[in-house]
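# Notes for the structure review
Chain by chain, the residues run as shown.
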Amino acid sequence: MTRVTDLPAAAALERPRGGGDEAARLLGKLRCRRCGGAGVPHEAGPRCADGHAFSAAVPAAHERRPWGERVFDHPQALGAKVALLSLLNGIPRGSLDQLTAGAEVLDLGCGSYQFHYRPEHTALRLGLDLSARCVATANRLYGRSLHLRASLADPLPFADRSFDVVLLLSVLHHLPRVIVPGVLAEAARVARREVLVLDHTRSDVGWQRAIQQRYWDTFDGGDLYRSSAEWDQLLAPYRVTGHRRLGVLFRNVCLYRLAV
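To start, this report covers the structure provided alongside it. Quantities reported herein were computed from a predicted structural model and do not represent experimental measurements.

## Some remarks on the overall build of the protein chain
Of the regular secondary structure elements, the protein chain holds seven helices and nine strands. Of the contacts made within the protein chain by residues no fewer than 6 positions apart, 64% connect residues no fewer than 24 positions apart. Accessible surface, the protein chain: about 12,400 Å² in total, of which carbon and sulfur atoms supply 55%.

This is the structure:
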């Protein structure tokens, strides 16, 4: 069982180096949105052959977060929060390993520490996140992976069907609702096998829903927490091949498997 105290201390986060072939495979997944070129190594982060950056600075307007989202500026606290809440909710570490092990994985909104699956068990992993601090911490924690800073409001810098599995783990409720359909469409575009959506669902029981909303408003800061009916409506354009409710606290965490 993973405990919060198992999370690596900041001083211990030394980044291992992957082999040249693995690095080339990761860079080869990238496609420049301006010229279509693949990624090449660069001291300031991956570039295409024409010098266009893949990991770009996000405009300052994107930095304004509700109080509950300030944890994204503290990667160690974010990792501890995810681990603690998952364990209290009866969700074990690596609960998605059977769906990601041995697969080429794209993790959208990857954050820092990964609780729901083990990146080291994937065949190849690339993560995108808005937080520069989370990206830096993920790079130190998971040196075999490639992590880039990017806004999910933009088209993904990958060719069609580039990854076996695309992950959206506790991400969609934090995004402005107007961009969510586009994010799902982009995730489906670059997936070969399936898109996994793990997220909160509002309880159908009034008093449980009130407790959930009070907690979310105070500590989470998301934009929209959907009911089961709202999830069904959002995911209607996709073929849902699996749906599970997880957790012992109101069973409010849902996993959707979307075939592509």
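## Quick notes on the packing of helix α2 (residues 75–88) against helix α4 (residues 132–141)
Across the interface, α2 lies against α4 with an axial gap of 9 Å and an inter-helix angle of 75°. For the element pair α2 / α4, the angle class is roughly perpendicular. Here α2 contributes Pro75, Gln76 and Leu78 to the contact with α4, which in turn contributes Arg133, Cys134 and Thr137. Of the residues that constitute the contact of α2 with α4, the class distribution is three nonpolar, two polar and one charged.

## Overview of the nonpolar core
In terms of nonpolar packing, the biggest core is built from 39 residues, with Leu106, Leu126, Leu168 and Leu184 touching the most fellow members. At six residues, the largest contribution of residues to this core is made by helix α5 (residues 180–190). Leu96, Leu99, Val105 and Leu255 belong to the second-largest nonpolar core, a separate cluster that totals 14 residues.

## A few points about the packing of aromatic side chains
The tally for this structure, following the rule as stated, stands at five aromatic pairs. In this arrangement the basic side chain of lysine 29 is found over the ring face of phenylalanine 163, its NZ or CZ atom lying 5.3 Å from the centre. Its end group placed over the ring of tyrosine 142, arginine 125 keeps NZ or CZ at 5.3 Å from the ring centre.

## A few points about the sheet that holds strand β6 (residues 163–169)
Within the open sheet, the seven strands sit side by side as β5-β4-β3-β6-β7-β9-β8. Their pairing is mixed. Single-partner strands in this sheet number two, and they are β5 (146–149) and β8 (239–246). Neighbour to neighbour, the strand axes of the sheet diverge by 15° on average, direction disregarded. When strand β4 (residues 124–129) meets β5, the two strands line up parallel, connected through four bridges. By the bridge assignment, leucine 128 is partnered in β5 with leucine 148. Contacts from helix α1 (residues 20–29) reach β3 (104–108), β4, β5, β6 and β7 (191–200), with the element oriented near 50° to β4. Across the face of the sheet, α5 comes into contact with β3, β6, β7 and β9 (253–259) while running at roughly 145° to β7.

## Details of the state of the cysteines
This model, assessed by the stated rule, comprises zero disulfides. Looking at the unpaired cysteine 35, the closest cysteine sulfur is the one in cysteine 48, lying at 3.5 Å. With no disulfide partner, cysteine 110 has as its closest neighbouring cysteine sulfur the one in cysteine 134, 7.6 Å distant. Take cysteine 110: its relative accessible area is 4%, and that puts it in the buried class.

## Things to note about the side chain of glutamate 22
With respect to the helices and strands, the residue glutamate 22 is situated in helix α1. The class of glutamate 22 is buried, set by a relative accessible area of 14%. Side-chain polar atoms of glutamate 22 contact the side chain of arginine 144, separated by 2.7 Å. Those residues within four positions of glutamate 22 in sequence are excluded, and the remaining contacts are Ala123 and Arg144.

How each quantity is defined
- Residues numbered from 1 in each chain as written.
- Predicted model: local features only at pLDDT ≥ 70, side-chain atom pairs only at ≥ 80, totals over all residues.
- Heavy atoms only, no water.
- Helix = DSSP H or I, 4+ residues; strand = E, 2+ residues; numbered from the N terminus.
- Contact = heavy atoms within 4.5 Å.
- Areas by Shrake-Rupley, 256 points an atom, 1.4 Å probe, with all protein chains shown as cover.
- Axes fitted to C-alpha atoms, helices over the stretch in contact; angles between N-to-C directions.
- Parallel < 35°, antiparallel > 145°, perpendicular 65-115°, else oblique.
- Nonpolar A, V, L, I, M, F, W, Y, C, P; charged D, E, K, R; others polar.
- Core = buried A, V, L, I, M, F, W, Y, C linked by side-chain atoms within 4.5 Å.
- Buried < 20%, exposed > 50% of the residue type's maximum accessible area, 1.4 Å probe, protein only.
- Phe/Tyr/Trp six-rings, centres within 6.5 Å; stacked < 30°, edge-to-face > 60°.
- Lys NZ or Arg CZ within 6 Å of the ring centre and 35° of its normal.
- Pairing = 2+ DSSP bridges.
- Disulfide = S-S within 2.5 Å.
- Polar contact = N/O pair within 3.5 Å; in protein donor to acceptor, adjacent residues only side chain to side chain.

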